[in-house]
Structure formats: C-alpha cells, structure tokens
Amino acid sequence: MTDRDDALRNEPGWTGPGDRDAEPAHHEPAPHHEGAPPRPPVPPRPPAGAHPQLFEAERPGNSFRQPVHGAPPGRPGGWGPAPGPQTWTPPTAPIQPGQPAPMFAGTPQPPAPPQPNSYAELIRADDLVPTRKPTPGRGWRRALYTATFGLINLGPSPEERRIAELEKTIRGPLRGHFKVGVMGKGGVGKTTVSASIGSMLAELRQDDRVIAVDADTAFGKLGSRVDPRAQGSFWELTADQHLETFADIRNRVGSNAAGLFVLAGEATPARRRVLDPAIYREAAARLDRHFSISVIDCSSTMDSPVTQEVLRDLDALVVVSSPWVDGAAAAGQTLDWLSARGMTGLLRRTVVVLNDSDGHADKRTKSTLAQQFSSQGQRVIEVPFDGHLRPGGVIDGTAAMSRPTRTRLLEVCAALAEHFPRQDDRSRDRH
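A short tour of the structure in this document, coming up. Along each chain, the written sequence defines residue order, and numbers are assigned to residues from 1. Selection of residues for local features in this predicted model requires a pLDDT of at least 70, selection of side-chain atom pairs for listing and counting requires 80 or more, and totals for whole chains, interfaces and linings are taken over all residues. With hydrogens and water set aside, each side-chain value is computed from the structure's full complement of heavy atoms.

### With respect to the pairing of strand 7 (residues 350-355)
The line we're drawing: Think of it in three bands: residues with accessible area under 20% of the maximum for their type are buried, residues over 50% are exposed, and the middle band is partly exposed, with areas taken using a 1.4 Å probe on protein chains only. What counts as a helix is a DSSP run of H or I of at least four residues, what counts as a strand is a run of E of at least two, and both are numbered from the N terminus. Criterion used throughout: strands pair if DSSP finds at least two bridges between them. With the strands pointing away from the viewer, any crossover whose connection runs clockwise from the first strand over the helix to the second is right-handed.
With six of six residues buried, strand 7 is to be regarded as a mostly interior element. In this sheet, strand 8 (residues 379-383) lies alongside strand 7 in parallel orientation, the contact comprising five bridges. Directly across from Val351, in strand 8, lies its bridge partner Arg379. Handedness of the crossover joining strand 7 and strand 8 through helix 15 (residues 363-375): right-handed.

Rendered as structure tokens:
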C-alpha cells in the first residue's frame, strides 16, 4: 500500500472497508470543457448515522437553516444530554371559588377585540376633532380668559363644576311619574319653596312637563305665586268631560316664564268649595296623563283626609322649617307623625329645608337645628334669604334669584332627583 492510500484513509468521511489492504474506489473528475459554466460543488456525503433532514438543512445554497420537523432518531455527538420529560407542577395556593384559573403555557388567550371592517368605523370624530375645553363662566378666571382673548383658559372653577354636577343629576333619567310633596307650618315659606322647586325642575327638564298643584285646603296661594291669571281649579278640571289632549288641559291650568304649570286651589272664600280626596284623586289621574313631574303644595294639617290621600302617592317629600325654634318644632312633629304611621320609606326620601324667609335668622341657631335634624338621618339644606322670593311676589324662574339661593335650591332638587324612578313601574309602593 502506498502513501496515497494512507492519505485517503485519513480524510474525513472515509467509509471504505476496514481492511487496510483494500483499495478505495476512486472516481476521476469529469473533464471540464473550456467555455462551459462551472459546475456547482458536490455536497459532501452525510456521515454514517446522521439524520438526512438535519444534513439537508446544512446544504450549501440554503441561506437560512430550514426548520426540522420531528426529532432525529439519535442526537449527534456534542449536542449535550437530551432534556428530560417536562412535568406540570400544580399551584401551591388553592384556587378560591369565583377566582379565574391561572394562565399556564399553552392556555388559549382571550380573542382580540374586533377590528373595524369599514371606513365609516375607522373615521371617528374623537380622533380627528380636538376636545374643546369648557370656558369659565364668571370670576377672575373669566376675566383672565377675556383679557387674553381666549389664549389662557383655566376652565371652570370648582364651584362651577359642582353646580354643573348638580344640574346633571337633576337632568338624569326619569321613567313614569315623579311626585314630590311640600309640607310645613304656616308662615315658614312652604308655598314659596314649592314654586321655586317647580320652576327649577321646569327650567332644567324642558323635555318633561312639570306642574305645581295647590292641595292646601286653607285657601292656598300657590296659583298667585306662579300665575295670578290662572282661572282653573280642581273642580273645573274634574267637571270637564272633554279633556282628551294637552291643549284641553292647558286651558285649565296656568304657567310662568320658566315653563312651570300650576293647578290653583280655591281662589275666593265666597264659594267655599271643600276639596275632598275623591276630587283630588280624579284631578291627579287626569294630570298624570300629560305631566311627568308634580310638585304638590300640601296642607299644614297633617290629619286632613286630602293630605293623607296626597301622602299615599308621593315619591319624595320636602319638609320646610323656619330657622327658629317654633318652626323647627313643627317640622319635627311632621317627621314624628310620618314615623308613627309606618311611612318609613317616605321618611328616608324626605329633605328638610331650613328657609330663612325674613333674613333675621341667627347663624348659631341654624347650625344647631341642622345638626339635630341630620343626627336623625335626614338630609338638611339651608336656603338663605332672597328678596326676590319675598311673600306675594310672582316667581317667574330662577334667573332673578341670588346666586347662593339658586345654588341651595339646586341642592334641594338634586337631592330629590336621586329618588327618580329608573324603571316604569307604575304600581310601585311609595310608602
């Protein structure tokens, strides 16, 4: 054997016989003709025992390693030991009922939200039109905004934002009807509060019809505070058998500039017609066909049959008290009377209004009375004196009211709006 044979045996990939005397088969390269394109190099033969797909991924001409499907029958040398079988370890902490199961590898993820599939869904005004910041309405913020020609806009003040939230609450959804009664001792401003609350609701809820009803059997003056020209009353409303449309009802009630309608009581003592529960019930049934909100000025006599009929149909109640001891005592007796007759539901929906009708109330006395009513779980709101609400004047709306008075009345209406029925359940229990 020659030196050439030894060199062939030492080359990698020798698969010849083990006998050193055997001559390996030698293939002479084909002659290369001049001008012919070069032949691609012949890939080396895979070693013995190598997986063909693994060797195929390493062939020249493949710019990237091709994925290998399946595992090779044997791991070539130098690859390290094969990993052991993977096992799942349960969580150490037990899963409580109602908690979502932990996510493990291979657990399917929740599907992605659907993407818009049309141009109309892709084009949204929120993405294209910049949000306009609200401007201040008053105060030094408004002065700064005006002086800088709108370049500096600090937005509404905290008080303006609070008022906006109150108005938003009053404009909240309402289903069916909402009836609120107003009670109080004579001389505390019960009729004034009734007309003011009704005007506020009518201004802020222009899509609903609001009516104030004078159910005071002692010659109530609600009609003169809202519309002195109102001619109709309970008796004319119930005697008319042709009230089919709102236009028919409109001729029997009055209204003010705020859009508040009013059903007046007995205007003159000369005709002394006594209001009884049957007449009130018939009139209320006819008004319910055309009005969503009713503010009922009740009699100061709680044992009156008409007052008891009114209380059976109320969703909320306002008890008006003066900021003096005698008025507060009468308001406390009203609350005790409701509790003694089992009207605990209506008692929870009652708002106590401390009305300063003459402007001479003592601040310490008002604070003490408010604390005493609040300790019993009642909502208490103090309404300051306002010359526009003087006795005998016509309440056309809230624009002429002072700012503190309007804010307090907003709080009263917002407290009542929290009890708006959210579903149309006309047979609900109001007690």
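### A look at the side chain of Glu167
Considering the arrangement of structural elements, one finds Glu167 in helix 6 (residues 158-170). Under the relative-accessibility criterion, Glu167 is labelled buried at 17%.

### Quick word on unusual backbone geometry
For Phe149, which is not a glycine, the phi torsion comes out positive at approximately 55°. Secondary-structure assignment places Phe149 in the loop between helix 5 (139-147) and helix 6. Given the relative accessible area of 78%, Phe149 is considered exposed.

### Considering the sheet that holds strand 8
Read across the sheet, eight strands follow the order 3-4-2-5-1-6-7-8 without closing on themselves; strand pairing throughout is mixed. Of all the strands in the sheet, the pair left with one neighbour each is strand 3 (254-255) and strand 8. Relative to strand 6 (residues 316-321), strand 1 (residues 178-184) is paired through five bridges, and the arrangement is parallel. Paired with Val180 across the bridge in strand 6 is Ala316.

### Topic: a nonpolar patch on the surface
For clarity, the threshold we go by: Within this analysis, patches are made of residues with over 30% relative accessible area and no salt bridge. Like charges are joined at 9 Å or less; nonpolar side chains (Val, Leu, Ile, Met, Phe, Trp, Tyr) at 5 Å or less. Exposure was quantified through the Shrake-Rupley algorithm and a 1.4 Å probe, taking into account, for residues, occlusion by the shown protein chains and nothing else. A pairing counts as a salt bridge when a side-chain nitrogen of Lys or Arg comes within 4 Å of a carboxyl oxygen of Asp or Glu.
Together, Tyr119, Leu122, Ile123, Leu128 and Val129 make up an exposed nonpolar region whose accessible area comes to about 620 Å². Under the relative-accessibility criterion, Leu122 is labelled exposed at 52%.

### A short note on helix 11 (residues 277-287)
Heads up, the condition is: For this quantity, the arc is that covered by the directions from the helix axis to the C-beta atoms.
Where helix 11 is concerned, the buried positions are Ile279, Tyr280, Ala283, Ala284, Arg286 and Leu287. In an axial view of helix 11, the angular spread of the buried residues amounts to 160°, which keeps them on one side of the axis.

### With respect to the packing of aromatic side chains
In this description, a pair of aromatic rings is defined by centroid distance and the angle of the planes. To be explicit about the condition: Between rings of Phe, Tyr and Trp, where Trp is taken as its six-membered ring, a pair exists when centres lie within 6.5 Å; planes separated by under 30 degrees are stacked, by over 60 edge-to-face, and by other angles tilted.
Per the counting criterion, the structure on display carries six aromatic pairs. Pairing Phe178 with Phe420 gives two aromatic rings, centres 4.8 Å apart and planes at 80°, and the pair type is edge-to-face. With Phe178 in strand 1 and Phe420 in the segment after helix 16 (403-417), the pair connects residues that are 242 residues apart, well separated along the chain. Judged by its relative accessible area of 1%, Phe178 falls in the buried class. On the basis of relative accessibility, which here comes to 4%, the residue Phe420 falls in the buried class. Taken together through their ring pairs, the aromatic side chains of Phe234, Trp235 and Tyr280 make up a single cluster.

### Regarding the packing of helix 6 against helix 16
Operational definition: The axes used here are C-alpha line fits, helices contributing only the stretch in contact, and every angle between their N-to-C directions lies in the interval 0 to 180 degrees. Roughly parallel covers angles under 35 degrees, roughly antiparallel covers those over 145, roughly perpendicular covers 65 to 115, and oblique covers all other angles. Helix crossings fall into two classes, left-handed where the near helix is turned counterclockwise from the far one by less than a right angle and right-handed where it is turned clockwise. By definition, residues are in contact when any of their heavy atoms lie within 4.5 Å. Just so you know the grouping, Ala, Val, Leu, Ile, Met, Phe, Trp, Tyr, Cys and Pro go in nonpolar, Asp, Glu, Lys and Arg go in charged, and all remaining residues, Gly too, go in polar.
Contact geometry for helix 6 and helix 16: axes closest at 8 Å, N-to-C directions at 40°. By the criterion of interaxial angle, the relationship of helix 6 to helix 16 is oblique. Considering how the two elements wind past one another, helix 6 and helix 16 form a crossing that is left-handed. Residues Glu159, Arg162, Ile163, Leu166, Glu167, Thr169 and Ile170 of helix 6 touch helix 16, and the partners they reach there are Arg406, Thr407, Leu410, Glu411, Cys413, Ala414 and Ala417. The residue inventory of the contact of helix 6 with helix 16, partitioned by class, reads seven nonpolar, two polar and five charged.

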